[in-house]
Structure formats: structure tokens, C-alpha cells
Amino acid sequence: MEDGGSLGGIETVHWGAIVAGVGGGHSRRPVGLLNGFGRRRVASYNRPMAKLYFYYSAMNAGKTTTLLQSAHNYRERGMRVAILTPRLDDRAGAGVVASRIGLRADGMAFERDTDLQQWVTQDLQANGPLGCVLVDEAQFLSRSQVWQLSEVVDQLRIPVLCYGLRTDFRGELFEGSQYLLAWADEMQEIKTICHSGKKATMTVRVDEHGHAVQDGPQVEIGGNERYVSVSRAEFKKITRGEGRIDPAQAPLPL
């Protein structure tokens, strides 16, 4: 079932190594294949519809909430998932994925030099089949890591769902987002709204007075106190120094 809404927009998949059978058939048993030395190696997957997905947006659109909902949907159906998150984003603690509305889950914290294909392969060997791989803050992936995730899809046939920002506070692409936009099978915008009432597509970094910050490193971890999502028109206005934006946002009454 491709693009099944019940699994957060992802196809249902089947676990099993492709093992030659009588008459050219295939079994779907969760077994390893024999390598040239007669030893078992990691099982391959009969998942012809696995894809690399990129869900992108401006800040505070609910990317992490959507990721955690997808993880819940898989687990509710007895399917194991792997949640990956960059170690540099430690606002909720290293390896913890947390949304603004209070949902949270433990994940694997990775560095810029972590080989993600190797990690997934080792996880399969140690823990068995995966329903999907979920990546939070995917804009911080390196070019090599995006390619490694594409190999998880193409070689291991496991769906990979990446969630992240498209552009930084200067309106420029992050490295991870650049290559996800280039190589993902499917891309979808997660929408949010600007204070002007228009769709927010850009993110402004602001100082304590609500004025746009236009200098500094591309990566500076922060939340509502540092970043505001705005429309392109508002982005141009605030970066020209015309006015200010209050970064404070009222929490939901949950």
C-alpha cells in the first residue's frame, strides 16, 4: 500500500530475505543470505517500494511532531523504527527527539562523520528488521550522509523519512537540505503560517529586541526565542531593518 495515510504517508512493507526457491519463487523468511565464505550476512529486504522522503518547512511547523506520529503509527502495528538525530541539537538532551507540544522519544545521536548506512546495517544485524528510519533535523546531514541514507533505501530497501528545514536565517540552503532536495524520491512541504497571515516559508534569526540577525554562523541551535517563521515578503522587510518581530509565542493550552 503506497502512501498509506495510516502510516504517516509511507507504504506498508514486508520483511524477508529474497531466497531463491523452487520454480524461481521467493520466500519472505527473515533470514540472512550466505556470502562467499558460507557465512550469514545482513538480510536483504523484499521492499520494492522503499523511498527516500524529505518533509521540509520553516521553523515551528510541526516537523518533529509529525516524525513522532509516524514512529507511533509504525510501532502500533508491531514494526520497529530507528530514530536518528544530530548530536549537536541537544536542546532536549543528546539523542532525545522532542516536539514543542511535549511529545518526545529516544533516538540515536549521530555526528557529522557517522556512517549512517553502516549504523543501520549493524542495527539490523543486532536487532532485526526495521520498518523505517526517521531522521530529525535533517538539514544538519552532510552530503555523504544523505547519500548513505539513499543507499539504505536502494540497497537495504528500508524507507527513510527525513524532516528538516529547507533554508537558514539568510535564506540559503543547508547542506543536508540541498542534497535531500536533489536526491529524495518524494518531497513534501509541512506548512505553517506567518504573523501576516500568509504561508511562512522563511526563517528569521532575531536578537533579544526582535531585530533580524544577518551575521554569524549558519548553525546556531535555538528555538522560539531565536527564530521566527515568516513569509518571503516579511523576510525581506525584516532583513531590511523595517520593524521588528516578537520572538515569543504563546504555548498551546494543553
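Please read all numbers here as calculations on a predicted model, not as lab measurements.

> Could you give an account of the pairing of strand β9 (residues 160-165), naming the residues involved and the relevant values?
Summarising burial for β9: 6 of the 6 residues are buried, a large majority. Two elements, strand β3 (residues 52-57) and β9, share 6 bridges in a ladder whose sense is parallel. Each residue of the ladder has a partner; that of L52, found in β9, is V160. Judged from the 3 bridges that link them, strand β8 (residues 132-135) and β9 form a sheet pairing that is parallel. The residue bridging L134 from the neighbouring strand is L161, located in β9. For the crossover that starts at β8, traverses helix α3 (residues 143-154) and ends in the parallel β9, the hand is right-handed.

> Tell me about the packing of helix α2 (residues 116-127) against α3, and please be specific about residues and values.
Pairs of packed helices are described in terms of their axes, by the angle between the two and the distance that separates them. Packing of α2 against α3 brings their axes to within 7 Å, and their N-to-C directions diverge by 35°. The residues of α3 that touch α2, namely those facing L116, Q117 and V120, are Q145, Q148, L149, E151 and V152.

> So, the pattern of salt bridges: which residues are in play, and what are the values?
Within the structure shown, the criterion is met by 8 salt bridges. Here R77 and E76 are joined by a salt bridge, their closest N and O atoms 3.4 Å apart. A residue is classified by how much of its surface remains accessible, and R77, at 41% relative accessible area, is partly exposed. When its relative accessible area of 54% is taken as the criterion, E76 is described as exposed. In this structure, R87 and E111 form a salt bridge, with 2.8 Å as the shortest nitrogen-oxygen distance.

> Account for the environment of G176, naming residues and giving values.
Within the secondary structure, G176 is located in helix α4 (residues 175-183). Ignoring anything within four residues of it in the chain, the contact list for G176 reads A138, Q139, L141 and V146.

> Outline the side chain of Q139, supporting the account with residue identities and numerical values.
With respect to the helices and strands, the residue Q139 is situated in the loop between β8 and α3. Under the relative-accessibility criterion, Q139 is labelled buried at 3%. A polar atom in the side chain of Q139 sits 3.0 Å from the backbone nitrogen of L165. In contact with Q139, other than residues within four places in its own chain, are Y163, G164, L165, F174, E175, G176 and S177.

> Outline helix α1 (residues 63-76), listing residues and values.
Its 14 residues give α1 an end-to-end C-alpha distance of 20 Å, which sits within 8% of 20 Å, the value for a rise of 1.5 Å per residue. For α1, the set of buried residues is K63, T64, L67, L68, S70, A71, N73 and Y74. Residues of α1 that are buried in the fold lie against β3, β4 (81-86), β5 (96-98), β6 (104-106), β8 and β9. Count one or two residues on from α1 and you reach G78, which has phi positive near 80°.

> Break down the packing of aromatic side chains for me, citing the residues and quoting the values.
Evaluation of the coordinates by the stated rule reveals 6 aromatic pairs. Each ring, one from Y55 and one from Y163, has its centre 4.9 Å from the other, and the planes form 15°; the classification is stacked. Of this pair, Y55 sits in strand β3 while Y163 is found in strand β9, placing the two residues 108 residues apart along the sequence. In this structure, Y55 and Y163 share a single accessibility class: buried. Ring plane angle 40° and centroid distance 5.0 Å describe the contact between Y179 and W183, whose orientation is recorded as tilted. With Y179 and W183 both in helix α4, this residue pair falls 4 residues apart, about one helical turn. Taken together, the ring pairs in this structure connect Y53, Y55 and Y163 into an aromatic cluster. Lying across the ring of F169, R205 places its NZ or CZ 3.8 Å from the centre.

> With reference to specific residues and values, describe the sheet that holds strand β10 (residues 186-189).
Ordered in space as β7-β4-β8-β9-β3-β10, the 6 strands form an open sheet in which the pairing is parallel. Every interior strand has two partners, whereas the edge strands, β7 (108-110) and β10, have only one. Neighbouring strand axes in the sheet, compared pairwise and without regard to direction, differ in orientation by 20° on average. Along the sheet face, α3 touches β3, β7, β8 and β9 and points at about 155° away from the line of β9.

Cut-off values and rules
Residues numbered from 1 in each chain as written. Predicted model: local features only at pLDDT ≥ 70, side-chain atom pairs only at ≥ 80, totals over all residues. Heavy atoms only, no water. Buried < 20%, exposed > 50% of the residue type's maximum accessible area, 1.4 Å probe, protein only. Helix = DSSP H or I, 4+ residues; strand = E, 2+ residues; numbered from the N terminus. Pairing = 2+ DSSP bridges. Right-handed = clockwise from strand over helix to strand, strands pointing away. Axes fitted to C-alpha atoms, helices over the stretch in contact; angles between N-to-C directions. Contact = heavy atoms within 4.5 Å. Salt bridge = Lys/Arg side-chain N within 4 Å of Asp/Glu carboxyl O. Polar contact = N/O pair within 3.5 Å; in protein donor to acceptor, adjacent residues only side chain to side chain. Expected span 1.5 Å × (residues − 1). Phe/Tyr/Trp six-rings, centres within 6.5 Å; stacked < 30°, edge-to-face > 60°. Lys NZ or Arg CZ within 6 Å of the ring centre and 35° of its normal.

Keep in mind these values describe shape, not function.
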